[in-house]
Amino acid sequence: MIQIKHLFKTYGEVDSGAHALEDVSIDIADGDIVGIIGMSGAGKSTLVRCINLLERPTSGQIVVDGQDVVGLSGAALRAYRRRVAMIFQSFGLLSQKTVLANVCFPYLAATGKVTAENRARALELLDLVGLKEKAASYPSQLSGGQQQRVAIARALACEPEYILCDEATSALDPASTNTILKLLRDINRETGVTVIVITHSMGVVEKICRNVVVLDHGRVVEQGSVADVFADPRSDAAKVLLERVDWDA
């Protein structure tokens, strides 16, 4: 499991800088699908970038399966990042490489080569996301939803234990969004991979997540099961996101 303990992230001087995260504590159980939600500027993306150590927290702990990973470097950091895959809003595909080469890229980055076994596994993953027939195509020849499915296949290449989705559906139309969310749900059910969904959409949380954490100005203001938070939101941020606010009051 992932245990985030009293996490702070400050840009600039600790006393006078911008506080992106303030005393964030969250437990994420293995196999869960957790939504981390908040308005723009709430600290969602900073938090997910701290989890995979693209950003180093100013203080606090990120304990993964009993190990505090904040201080990892070198080979240990690379090994940890192979356990934590990332899916971005902008897809992040390499435009000059084929779909198959994009899915194989994690193997190339990890070992410096791509084997026949790697290519076979990549084709299996493309089949899983329904795009095996697009293996020889280039990203520019795919729709946004198809590109995101390729990104998911690539994320699965190193058999991660955790998948972090940073606004992974915000650039997609409703039909493509539903396809991606169903795919992530099915992958979670079939493999047991833990999925952490960063989003500003309560609709996304309602469709896929079991638990939800609400951030507001870098702080956790509410957390619990999706059913409980949706039925009785306590924080102002959750009420706004659920449109439970009387704007004319």
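For the structure, see preceding data.
Per chain, residues are indexed from 1 in the order of the written sequence. A pLDDT threshold of at least 70 governs which residues receive local features in this predicted model, and a stricter bar of 80 or more applies before side-chain atom pairs are shown or counted, although totals over entire chains, interfaces and linings include all residues. Processing note: side-chain calculations cover all non-hydrogen atoms of the structure and skip hydrogens and water entirely.

S.K.: Give a detailed account of the sheet that holds strand 6 (residues 84-88), specifying residues and quantitative values.
M.R.: An order of 6-7-8-3-9-10 is seen for the 6 strands of this open sheet, with the pairing classed as mixed. The sheet is open, and its two borders are formed by strand 6 and strand 10 (219-225), each paired with just one other strand. This sheet shows a mean twist of 15 degrees between the axes of neighbouring strands, independent of strand direction. By definition, residues are in contact when any of their heavy atoms lie within 4.5 Å. Angles shown run from 0 to 180 degrees and are taken between the N-to-C directions of axes, each axis being a line fitted to C-alpha atoms and, for helices, limited to the stretch in contact. Here a strand is any run of E in DSSP of at least two residues, a helix any run of H or I of at least four, and the numbering for each starts at the N terminus. Sheet strands in contact with helix 5 (residues 144-156) are strand 6 and strand 7 (162-166), and its direction is about 170 degrees off that of strand 6. We treat two strands as partners when DSSP finds at least two bridges between them.

S.K.: Requested: an account of the side chain of Q146, with residues and values cited.
M.R.: By secondary structure assignment, the location of Q146 is in helix 5. Each residue is placed in one exposure class: buried if its accessible area under a 1.4 Å probe, protein chains only, is under 20% of its type's maximum, exposed if it is over 50%, and partly exposed if it falls in between. Given a relative accessible area of 18%, Q146 falls into the buried group. Excluding residues within four positions of it along the chain, Q146 makes contact with L131 and K134.

S.K.: Can you lay out the pattern of salt bridges for me, pointing to particular residues and giving the numbers?
M.R.: Criterion for a salt bridge: a side-chain nitrogen of Lys or Arg within 4 Å of a carboxyl oxygen of Asp or Glu. In the structure shown here, the tally under the stated rule is 10 salt bridges. For R49, the salt bridge identified is with E55, shortest N-O distance 3.7 Å. In this structure E55 comes out as buried when scored by relative accessible area, which is 19%. Close ionic contact of R185 with D186 constitutes a salt bridge, the shortest N to O distance being 3.3 Å.

S.K.: I'd love a proper account of the sheet that holds strand 1 (residues 2-11), names of residues and values included.
M.R.: Within a beta sheet, neighbouring strands are joined by backbone hydrogen bonds and run either parallel or antiparallel to one another. Here we have 4 strands laid out as an open sheet, ordered 2-1-4-5, and antiparallel in their pairing. On the outer flanks of this sheet lie strand 2 (18-28) and strand 5 (67-68), each paired with one strand and no other. Pairing of strand 4 (residues 59-64) with strand 5 involves 2 bridges; the strand directions are antiparallel. Bridging across to strand 5, V64 finds its partner in Q67. Those strands touched by helix 1 (residues 44-51) are strand 1, strand 2 and strand 4, and its axis lies near 120 degrees from that of strand 1.

S.K.: Quick rundown of the state of the cysteines? Include the residues and the values.
M.R.: A covalent bond bridging the sulfur atoms of two cysteines is what the word disulfide describes. Any pair of cysteine sulfurs within 2.5 Å is marked as a disulfide. With the rule as written, the count across this model stands at 0 disulfides. Here C50 stays unpaired: no disulfide links it, and the sulfur of C165, its closest cysteine neighbor, is 17 Å away. In this structure C158 is not part of a disulfide, and its nearest cysteine sulfur, from C104, lies 11 Å away. Residue class for C158 comes out partly exposed when judged on its relative accessible area of 28%.

S.K.: Describe the packing of helix 3 (residues 99-111) against helix 5, naming the residues involved and giving the relevant values.
M.R.: Axis separation between helix 3 and helix 5 bottoms out at 7 Å; the angle between their running directions is 30 degrees. Between helix 3 and helix 5 lies a crossing whose hand is right-handed. Between helix 3 and helix 5, the residues in contact are V99, N102, V103 and P106 and V150, A153 and R154, respectively. Under the grouping applied here, Gly and all other residues not named as nonpolar or charged are polar, the nonpolar ones being Ala, Val, Leu, Ile, Met, Phe, Trp, Tyr, Cys and Pro and the charged ones Asp, Glu, Lys and Arg. Residues that form the contact of helix 3 with helix 5 fall into these classes: 5 nonpolar, 1 polar and 1 charged. Two helices cross in a left-handed way if the nearer one is turned anticlockwise from the farther one by less than a right angle. They cross in a right-handed way if the turn is clockwise.

S.K.: Could you give an account of helix 6 (residues 174-191), naming the residues involved and the relevant values?
M.R.: Helix span, expected: 1.5 Å multiplied by one less than the number of residues in the helix. Counted at 1.5 Å a residue, the expected span for helix 6 with its 18 residues is 26 Å, and the 26 Å between its end C-alpha atoms agrees. Within helix 6 the residues assigned to the buried category are S176, T177, I180, L181, L183, L184, D186, I187 and N188. Phi for G192, located one or two positions after helix 6, is positive at around 80 degrees.

S.K.: Help me get a handle on helix 5, residues and values and all.
M.R.: A rise of 1.5 Å per residue sets the reference length of helix 5, with its 13 residues, at 18 Å; its end C-alpha atoms lie 19 Å apart and thus fit the reference within 8%. Residues of helix 5 that are buried include every one of G145, Q146, Q147, Q148, R149, V150, A151, I152, A153, R154, A155 and L156, and no others. On its buried face, helix 5 is in contact with strand 6, helix 3, helix 4 (116-128), strand 7 and helix 6.

S.K.: Any details on the side chain of E55? Residues and values, ideally.
M.R.: Turning to its location among the elements, E55 is positioned in the loop between helix 1 and strand 4. Contacts of E55, omitting those with residues within four sequence positions, involve K9, Y11, R49 and C50.

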